[in-house]
Amino acid sequence: MIKIVPRPHRAELLMPAGSLEKLKIAILYGADAVYLGTPDMSLRTKSDFSLEEVIEGVRFAHNHGKRAYLTLNLFSHNKDIAKLPLFIETIRAVEPDGVIIADPGIFNYVREEAPELELHISTQANVCSWLSVDFWQKQGASLCVLAREVTYDELCEIRKKCPDIKLEAFVHGAMCMTYSGRCLLSNFMAERGANQGSCANSCRWHYKVHMKLKDGTIKELELTEENLQLFEFLLEEECRQGELMPIEEDERGAYILNSKDLCLMPRLDDYLKIGVDSLKIEGRNKSAYYAAVTARAYRQAIDDWYQSPEDWSPDPYMEELSTVPSRGYTLAFHEGRLRNHAHNYDHTKTFADYEFAGLVTDLDQIGIHVTVKNRLEAGDVLELLPPGGLQVVLIRLYSFEDARTGHIDDVINAGQKPVILLRWSLFDQENIERLKQVLCPLTVIRKEKSLSQAEWDRLKLDQTARKIELGQGSEAFYERQRDRLQNSLLVENGERIAKTPRIGTSGCCGRGCNGCMIFWHDPLYDKARKLLAQKKQGQLFDRDMREDLVLSE
């Protein structure tokens, strides 16, 4: 008897689990379910899971009332088939809530040998139509993961024609330059199989375009409408000088592109309205910080929509997602074909104006023990992100105490994985008992990051591109910002520019951080302190209050 699970009443938030630590963080920060695998039989070859950790992770999820799915989504070769009986035996021991499969042969094998397992169809199966969904439903699948290339209109039609099967759609994460990962470029360039889980991301490497005359000579020539047909175009990857590869373009665009990251938060309400059953976040190889912040942003967004769909706005959740390093965000195929705003052409770095500062490892009667993840300097403001909601606890530190030795430093480097102690007494503006209740081990901490002028210009360009995708921005303004970015790249000098007036131990961001001597004692901030007193403990100034503060100065 094939196991078929009915559709849920609410959409689940599905998070990646690249390691046991990330699995636990995703669950703590709001995931309804996680997907994970072991290197042998899935595309999770970069996952840091042993079998024992897989079992522990699934048990952790179940103990928190959440679900865990195992991946069996490689494209099998003959050598893989002999492993299947052992894998089935292992799955039974792990007791996952579902198994994600791409290969039809493996699907048929698992269905016959382990009919008690719920079967999901992987995005690697490239399900792009209601006909494919209907096919897999008739084979016994409980859920189909739709390809990233499915547009919203197509998704609506699939939902209408296939009302009884669970549908899963990607809403956030990296985009592949081929149909849902069916890429041979990585095999060709690095002998790493994308369809075996080892993609080298060759499409994101830096390339130069060369023009070759028909007589074989290579020159730099100015292209015009008159001479365009005289040339063919070739790519040169920066580490393979002299190795020239032809590249062509047709009405669908170029074939080697650097896509921005998918972010459907601005259209999340569309997916909730039509009843998409599982909202999937990509990023099994991303950091614990990525897992925490994306989970908490989407968790709060989903909950708020169900509570009051008429009043829902994506703005506060997009502000939270902007603190996560990305290549820039795009709606990708939501409206149809990709536009040029969905790609990075001038600056392809993954970054944000915040960075992972630390991870809480323990809490005791003295304070909070934090493993440092990036360099900390005197005057830095740490933002503790308690699981549940979008609350932020701010603390400004002028020195750092080693949790093991008690030694005090004004600079901490992350190389040796130091652990610092944040004493409860440092949180002079907080209710300590309440703070002990909302914080826990694996709480994530971030801090602002200074950027180059080119990076600030890239962030502004990304923001304008998102507005254009939403039908709100100006193409002319976009082009001016792109010119500004190109000019900034030409004159980069290594200078870093801070996000706020607070630099080192001088200046103040005006947010009322715990421990900030300037905010709590300088007469300049009298009005700011009065404004903060009007808010609940632990809340930040809203934008109007910050503008009022600036005007008062």
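The structure displayed is predicted, hence computed values, not measured ones.

J.: Tell me what's going on with the overall build of the chain, and back it up with residues and numbers.
T.: Helix and strand counts for the chain come out as 17 helices and 26 strands. Counting every position in the chain, which comprises 553 residues, the buried fraction comes to 52%. Taking the contacts inside the chain whose residues are at least 6 apart along the sequence as the reference set, 68% of them involve residues at least 24 apart.

J.: How would you summarise the nonpolar core if you had to cite specific residues and measurements?
T.: In this structure, Val-34, Met-265 and Leu-268 are the most contacted members of the largest nonpolar core, which totals 105 residues. Looking at which element gives the most residues to this core, the answer is helix H10 (residues 288-307), with twelve residues. When residues no more than four places from it in sequence are discounted, the contact partners of Met-265 are Ala-297, Tyr-298, Ala-301, Trp-312, Pro-314, Tyr-317, Met-318 and Leu-321. Counting 20 residues, the second largest nonpolar core, distinct from the first, contains Val-370, Leu-384, Leu-397 and Leu-422.

J.: Before we move on, could you go through the sheet that holds strand E23 (residues 408-409) and cite the residues and values that matter?
T.: Taken together, the eight strands give an open sheet; going across it, the order is E21-E20-E26-E17-E18-E25-E22-E23, and neighbouring strands pair in antiparallel fashion. Among the strands making up the open sheet, the edge pair consists of strand E21 (393-396) and E23. Note: strand E20 (residues 381-385) against strand E26 (residues 444-448), three bridges, orientation antiparallel. By the bridge assignment for E26, Leu-385 is matched with Val-444.

J.: Break down the pattern of salt bridges for me, with residues and values.
T.: Applying the stated rule across the entire model yields 33 salt bridges. Notably, a salt bridge pairs Asp-462 with Lys-260, separated by 3.8 Å at the nearest N-O pair. Of this pair, Asp-462 sits in helix H13 (residues 453-469) while Lys-260 sits in the loop between strand E13 (253-254) and strand E14 (261-263), placing them 202 residues apart in sequence. For the salt bridge of Lys-447 with Glu-355, the shortest nitrogen-to-oxygen distance reads 2.7 Å.

J.: Pulling in residues and values, what's your account of helix H4 (residues 84-94)?
T.: Residues of H4 that are buried: Leu-84, Phe-87, Ile-88, Ile-91 and Val-94. Seen end-on, H4 carries its buried residues on one side only, within an arc spanning 125°. Facing away from the buried side of H4, by more than 90 degrees, are the exposed residues Leu-86, Glu-89 and Ala-93. Those residues of H4 that are buried lie in contact with helix H2 (51-63), strand E3 (67-72), helix H3 (78-81), strand E4 (98-101) and helix H5 (104-113). Positive phi shows up at Glu-95, right after H4, with a value of about 60°.

J.: Residue-level account of the pairing of strand E1 (residues 12-16), with values.
T.: Burial analysis of E1 places five of its five residues in the buried class, which makes it a mostly covered element. Side-chain alternation along E1 places Glu-12, Leu-14 and Pro-16 on one buried face and Leu-13 and Met-15 on a second face that is also buried. Pairing between E1 and strand E15 (residues 278-281): three bridges, direction parallel. By the bridge assignment, Leu-13 is partnered in E15 with Leu-279. The pairing of E1 with strand E2 (residues 33-36) spans three bridges and is parallel. Each residue of the ladder has a partner; that of Leu-14, found in E2, is Ala-33.

J.: I'd like to hear about the state of the cysteines, residue by residue, with values.
T.: A complete count under the given rule lists zero disulfides for this structure. No disulfide involves Cys-509; its nearest neighbouring cysteine sulfur is the one of Cys-513, lying 4.0 Å away.

J.: Requested: an account of the environment of His-343, with residues and values cited.
T.: Within the secondary structure, His-343 sits in the loop between strand E16 (329-330) and strand E17 (354-363). Distance from His-343 to Asp-261, taken between C-alpha atoms, is 8.8 Å for residues 82 residues apart in sequence.

J.: Which residues make up unusual backbone geometry, and what values do they have?
T.: With a phi angle near 60°, Glu-95 is a residue other than glycine that sits in the positive phi range. The class for Glu-95 is exposed, based on a relative accessible area of 54%.

J.: Mind laying out the environment of Gly-406, listing which residues take part and the relevant values?
T.: For Gly-406, the position within the fold is in the loop between strand E22 (400-402) and E23. Classification of Gly-406 as partly exposed rests on a relative accessible area of 35%. Along the primary structure Gly-406 and Ile-420 are separated by 14 residues, whereas in three dimensions their C-alpha atoms are 8.8 Å apart.

J.: Now, about the pairing of strand E25 (residues 419-423): what can you tell me, with residues and values included?
T.: Counting buried residues along E25, four of its five residues qualify, which places the element largely inside the surrounding structure. Two elements, E22 and E25, share two bridges in a ladder whose sense is antiparallel. Each residue of the ladder has a partner; that of Asp-402, found in E25, is Ile-420.

What counts, and where the lines are drawn
Each residue is numbered by its place in its chain's sequence as written, counting from 1. With the structure being a predicted model, the display of local features is reserved for residues of pLDDT at least 70 and the display and counting of side-chain atom pairs for 80 or more, all residues being used for whole-chain, interface and lining totals. With hydrogens and water set aside, each side-chain value is computed from the structure's full complement of heavy atoms. Only DSSP runs of H or I reaching four residues or more are called helices, and only runs of E reaching two or more are called strands; each is numbered from the N terminus. When accessible area is computed with a 1.4 Å probe and restricted to protein chains, residues below 20% of their type maximum are described as buried, those above 50% as exposed, and intermediate ones as partly exposed. Residues count as neighbours in contact if any of their non-hydrogen atoms are within 4.5 Å of one another. Throughout, nonpolar core names a set of buried Ala, Val, Leu, Ile, Met, Phe, Trp, Tyr and Cys residues whose side chains join them through atoms within 4.5 Å. Pairing between strands is defined by DSSP: at least two bridges between them are needed. The term salt bridge refers to a pairing of a side-chain nitrogen on Lys or Arg with a carboxyl oxygen on Asp or Glu at a separation within 4 Å. The arc in question is formed by the directions pointing from the helix axis toward the C-beta atoms. Counting rule for disulfides: a pair of cysteine sulfur atoms within 2.5 Å.

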